[in-house]
Amino acid sequence: VGHCHPDIVKAAHEQNQLLNTNSRYLHDNLVDYAERLSKTLPEKLCIFYFLNSGSEANDLALRLARQYTKHEDVIVLDHAYHGHLTSLIDISPYKFRNLEGQKEWVHVAPVPDTYRGLYREDHEDSVTAYADEVKNIIEHAHKRGRKIAAFFVESLPSVGGQIIPPAGYFQKVAEHVHKAGGVFIADEIQVGFGRVGKHFWAFQLQGEDFIPDIVTMGKPIGNGHPLACVATTKEIAEAFAATGVEYFNTFGGNPVSCAIGLAVLDVIEKEHLQAHATEVGNFLMKTLKEQQIKHPIIGDVRGCGLFIGVDLIK
């Protein structure tokens, strides 16, 4: 919503003057914010955990998945980056390949990239081919006596090259993962909150019939203020609570953070920022494609809303 947006500054300042405390103390802002966020998501995703950063959100998503499924292993896409905590470096090929390498419980699937990937635009059914790669990983894991807790994916892989997965890919992957007793986690930390224009959440580009089991949010959620969120289903949250080890985060969901979160949602709505992302994104894509015709070095221009990649080639 832009640096120092007056509405955000005002919301933070006003709440700061009244009260800021940890979330053991009940405060309306927390409930109001959870309710507002829930209106942007499918009904099934109705339980919210508030945290301070995207990394914290992804770490919690991992814990939720493992507790619910009682499995350990995670499937991620190649080149993925999910955060800077130890648990997330372990599921980020972009990082672990330069550090301690791949853990036994991590499985890496090819990025569903139809420009540079294994299966390209000329493939008769790239969606099924990429989803079958995940199915094969699951089968190999099972042969080794391992069990899948989650398929963990950015709704649009960013570090991997601003990739737009072909529609239907998530549905097919979710089918294989659910069959294996795992859950589907959509990381919306880079691409949520209307950035893709057409939809509020990037996973919605896959179609209305697709709903992840867990969604993580960060970055734009607080417009630079440290705020993050995990949204999930009642079943997963109940399995997590059943341990008797309650989830607590001192500053996650504090009154100031929630006031800012509410103000961000207000601004997105009031200033029609989703439509703006579509309009500016379409203009940028159009002009980049004009450049592509002129310059052979531009191999591909791809994107949605304000999530755009220009692929330069030799």
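Residues numbered from 1 in each chain as written. Predicted model: local features only at pLDDT ≥ 70, side-chain atom pairs only at ≥ 80, totals over all residues. Heavy atoms only, no water.

1. Here's the deal with the overall build of the protein chain
Of regular secondary structure, the protein chain possesses 10 helices and nine strands. Expected size for 314 residues packed as a compact globule is a radius of gyration near 20 Å; at 20 Å, the protein chain falls within 12% of this value. If you line up the protein chain on its principal axes, its C-alpha atoms span 60 × 55 × 40 Å. Within the protein chain, the proportion of its 314 residues that are buried is 51%. When contacts within the protein chain are restricted to residue pairs at least 6 apart in sequence, long-range pairs at least 24 apart make up 72% of them. (Helix = DSSP H or I, 4+ residues; strand = E, 2+ residues; numbered from the N terminus. Rg over C-alpha atoms; globule rule 2.2 N^0.38 Å. Buried < 20%, exposed > 50% of the residue type's maximum accessible area, 1.4 Å probe, protein only. Contact = heavy atoms within 4.5 Å.)

2. Here's the deal with the state of the cysteines
A full pass over the atoms with the stated rule returns zero disulfides. Cysteine C229 remains unbridged, with the sulfur of C258 as its closest cysteine sulfur at 9.2 Å. The exposure class of C229 is buried, given its relative accessible area of 0%. (Disulfide = S-S within 2.5 Å.)

3. Let's talk about the pattern of salt bridges
Going through the model one piece at a time under the given rule, you end up with 16 salt bridges. Two residues, D300 and R302, come together in a salt bridge whose shortest N-O distance is 2.7 Å. Judged by relative accessible area, D300 falls into the buried class, the value being 11%. Look at the salt bridges and you will find they share partners, linking E72, D73, E104 and R146 into a network. (Salt bridge = Lys/Arg side-chain N within 4 Å of Asp/Glu carboxyl O.)

4. Brief notes about helix α7 (residues 169–179)
Within the sequence span of α7, burial applies to Y169, F170, Q171, V173, A174, H176 and V177. Summarising the contacts, the buried residues of α7 are in contact with β2 (73–77), α6 (126–143), β4 (148–154) and β5 (183–187). Positioned one or two residues after α7, G181 has a phi angle of 85°, which is positive.

5. Quick word on the packing of helix α2 (residues 28–38) against helix α9 (residues 255–270)
Interaxial distance between α2 and α9 falls to 9 Å at its minimum, and their mutual angle equals 35°. In this structure, the crossing between α2 and α9 has a hand that is left-handed. Where α2 approaches α9, its residues N29, L30, D32, Y33, R36 and L37 are matched on the opposing element by P255, C258, A259, G261, L262, L265, D266 and E269. In terms of residue class, the contact of α2 with α9 is made up of eight nonpolar, two polar and four charged. (Axes fitted to C-alpha atoms, helices over the stretch in contact; angles between N-to-C directions. Left-handed = near helix turned anticlockwise from the far one by under 90°. Nonpolar A, V, L, I, M, F, W, Y, C, P; charged D, E, K, R; others polar.)

6. Quick look at the packing of aromatic side chains
Considering all chains together, one arrives at 15 aromatic pairs under this definition. Ring geometry for Y81 and Y94: centres 6.0 Å apart, planes at 70°, overall edge-to-face. Here the residue Y81 occupies a position in the loop between β2 and α4 (86–89), and Y94 occupies one in helix α5 (residues 93–96), the gap between them amounting to 13 residues. By relative accessible area, which is 26% here, Y81 ends up partly exposed. Ring plane angle 50° and centroid distance 5.9 Å describe the contact between Y169 and F170, whose orientation is recorded as tilted. For the residue pair Y169 and F170, the accessibility class agrees, reading buried in each case. Seen from the ring of F248, R24 lies directly overhead, with NZ or CZ sitting 3.8 Å from the centre. Its guanidinium or amino end placed over the ring of Y81, K95 lies 5.4 Å from that ring's centre, counting from NZ or CZ. (Phe/Tyr/Trp six-rings, centres within 6.5 Å; stacked < 30°, edge-to-face > 60°. Lys NZ or Arg CZ within 6 Å of the ring centre and 35° of its normal.)

7. Quick look at the domain arrangement of the protein chain
Under the domain assignment, the protein chain is made up of domain 1 (6–271) and domain 2 (272–313). The distance between the C-alpha centroids of domain 1 and domain 2 comes to 25 Å. Contacts between domain 1 and domain 2 engage 23 residues on the former and 18 residues on the latter. Carbon and sulfur atoms make up 55% of the surface buried where domain 1 meets domain 2, a total of about 1700 Å² over both sides. Among the residues domain 1 hides against domain 2, the three largest losses belong to Y115, Q162 and R195. Together they make up 33% of the total. Taken together, domain 1 and domain 2 are joined by one salt bridge. A salt bridge links D311 to R116, with the nearest nitrogen and oxygen atoms 2.6 Å apart. Inspection of the region where domain 1 meets domain 2 yields 14 residue pairs in polar contact (both at pLDDT 80 or more). Residues that form the side of domain 1 that touches domain 2 fall into these classes: 11 nonpolar, six polar and six charged. (Domains from an automatic or database assignment. Buried area = accessible area lost by both parts, 1.4 Å probe. Polar contact = N/O pair within 3.5 Å; in protein donor to acceptor, adjacent residues only side chain to side chain.)

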